[in-house]
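Breakdown of the fold
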Amino acid sequence: EPEVTQTPSHQVTQMGQEVILRCVPISNHLYFYWYRQILGQKVEFLVSFYNNEISEKSEIFDDQFSVERPDGSNFTLKIRSTKLEDSAMYFCASSEIQGAGNTIYFGEGSWLTVV
Amino acid sequence: GNSVTQMEGPVTLSEEAFLTINCTYTATGYPSLFWYVQYPGEGLQLLLKATKADDKGSNKGFEATYRKETTSFHLEKGSVQVSDSAVYFCALRDSWGKLQFGAGTQVVVTP
C-alpha cells in the first residue's frame, strides 16, 4: 500500500539552527500538508500546499517556516531559526484531491528536539 | 470556526470490555468526520471515516456513526484487545480540505 515517508525520524538541533524535514508524499497525490504535535497536545495544522504554492497556513506558520517542493517527489518543511518551542512531532500528509470526503494520509512523523 | 471536542483520557479498560469514546463537533457546511489512531511510537493512521449524515464508518471492529442532529461521531468497539491500546483522534475535514483534530484520547487496555 502506498505510504507517505518522512525523514529523519528523529532530529536534535541547537536553538537558532536551521532544520529541514523531508517528506515523500504518495505519488499520485496533489495536496500536501504539514501538521505538528507538541508532546501531550493536539495535532495542529501548519500549512497546505497545492500546485507549487501555499493554499492555506495557520497562525503557527510564521516567517520562520517555509515549504518547498523542490522536485517531483519531495516536499520539505524548513524552520530557519529553531526555537525551543518548535520541539514537536512534525507530520507530513497528502491527499489525492481536496474535497471534504477524501482521506488525508499521514507519514510516521519526524520528531524534532530543539535544545 | 470549526472545532472538535472529544472526551479526555486516559481511558483504562480490561480486555473484552466495551469501548466508547465521545466526539462532538462544531462546523459550518458539510464536513466529513474521521477517526485516526496513533499506536505507541507510530504515526497517525486512518481508522474510519464518514462523509455524510447517518453514514457509519467501520474498521477493525470499530464503528462510528455521523449524527448531524447531535453533531457527534462517537467511536465504539464491542470487545477491545490489548493491541487496541493507542491514542485515538477524532477529526473533521471541511470543504477547504484542512483536517482539524480533537485533543486525542488515550486508551489503555489491560489483560
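In the block above lies the structure referred to throughout.
The notes below deal with the structure included here. For every chain, the first residue of the written sequence is number 1, and numbering continues from 1 onward in sequence order. Think of it this way: whatever chain is written first is A, whatever ligand is written first is 1, and the rest follow in order. Two thresholds apply to this predicted model, a pLDDT of at least 70 for residue-level local features and 80 or more for giving and counting side-chain atom pairs, whereas whole-chain, interface and lining totals are computed over all residues. Derived side-chain values reflect all non-hydrogen atoms in the structure, with water molecules and hydrogen atoms excluded from consideration.

To continue, consider the interface of chain A and chain B. It only takes one pair of heavy atoms within 4.5 Å for two residues to be counted as in contact. Chain A puts 20 residues into the contact, and the matching count from chain B is 23 residues. One side-chain nitrogen of Lys or Arg within 4 Å of one carboxyl oxygen of Asp or Glu is enough to make a salt bridge. Inspection of the region where chain A meets chain B yields one salt bridge. Across the pair E56 of chain A and K98 of chain B runs a salt bridge whose closest N-O atoms are separated by 3.1 Å. Identification of polar contacts relies on pairs of N or O atoms within 3.5 Å, with a donor-acceptor requirement for protein atoms, meaning one able to donate a hydrogen and the other able to accept it, and with residues adjacent in sequence counted only if both atoms are side-chain atoms. If you look at where chain A meets chain B, you find nine residue pairs in polar contact (both at pLDDT 80 or more).

What follows concerns the pattern of salt bridges. Residue and element names in this part refer to chain B. Under the counting rule described, the total for this entry stands at five salt bridges over all chains. With a closest N to O distance of 3.6 Å, K56 and E63 form a salt bridge. Any residue under 20% of the maximum accessible area for its type is buried, any over 50% is exposed, and the rest in between are partly exposed; the area is computed with a 1.4 Å probe on protein chains only. By relative accessible area, E63 is classed as partly exposed at 35%. A salt bridge links K77 to D84, with the shortest nitrogen-to-oxygen separation between them at 2.8 Å. Taken as a pair, K77 and D84 share a single burial class, namely buried.

All names here are of chain A. Helix and strand definitions follow DSSP, with helices as H or I runs of at least four residues and strands as E runs of at least two, each counted in order from the N terminus. Relative to the helices and strands, S48 is located in strand β5 (residues 43-50). Overall, the relative accessible area of 6% leaves S48 in the buried class. Contacts of S48, omitting those with residues within four sequence positions, involve F32, Y33, E53, I54, S55 and E56.

What follows covers the sheet that holds strand β3 (residues 19-21) of chain B. Residue and element names in this part refer to chain B. Judged by pairing direction, the sheet is antiparallel, and its four strands sit side by side in the order β3-β9-β8-β7 without closing on themselves. Edge positions in the sheet fall to β3 and β7 (56-59), since each has one partner strand and no second. Taking each pair of neighbouring strands and ignoring which way they run, the sheet shows an average axis angle of 15°. The sheet contact formed by strand β8 (residues 62-65) and strand β9 (residues 75-77) spans three bridges and is antiparallel. Looking across to β9, one finds that E63 is bridged to E76. Strand pairing is assigned whenever DSSP identifies at least 2 bridges connecting the two strands. Axis angles are defined between N-to-C directions and span 0 to 180 degrees, where every axis is a line fitted to C-alpha atoms and, for a helix, only to the segment in contact.

Any aromatic ring pair is given by two values, namely how distant the centres are and how the planes are angled relative to each other. Aromatic rings from Phe, Tyr and Trp, with only the six-membered ring used for Trp, were paired whenever their centres fell within 6.5 Å, and each pair was classed as stacked if the ring planes differed by under 30 degrees, edge-to-face if by over 60, and tilted otherwise. Tallied over the full model, the rule gives 17 aromatic pairs over all chains. Ring geometry for F32 of chain A against F75 of chain A: centres 5.4 Å apart, planes inclined by 40°, an arrangement best described as tilted. Within this pair, whereas F32 of chain A is found in strand β4 (residues 31-37), its partner F75 of chain A is found in strand β8 (residues 75-79), the two being separated by 43 residues in sequence. The class for F32 of chain A is buried, based on a relative accessible area of 4%. Look at F75 of chain A and you get buried, because its relative accessible area is 0%. Ring pairing ties together the aromatic residues Y33, Y35, F45, F91 and F106 of chain A together with F34, Y36, F89 and F101 of chain B, which thus form one cluster.

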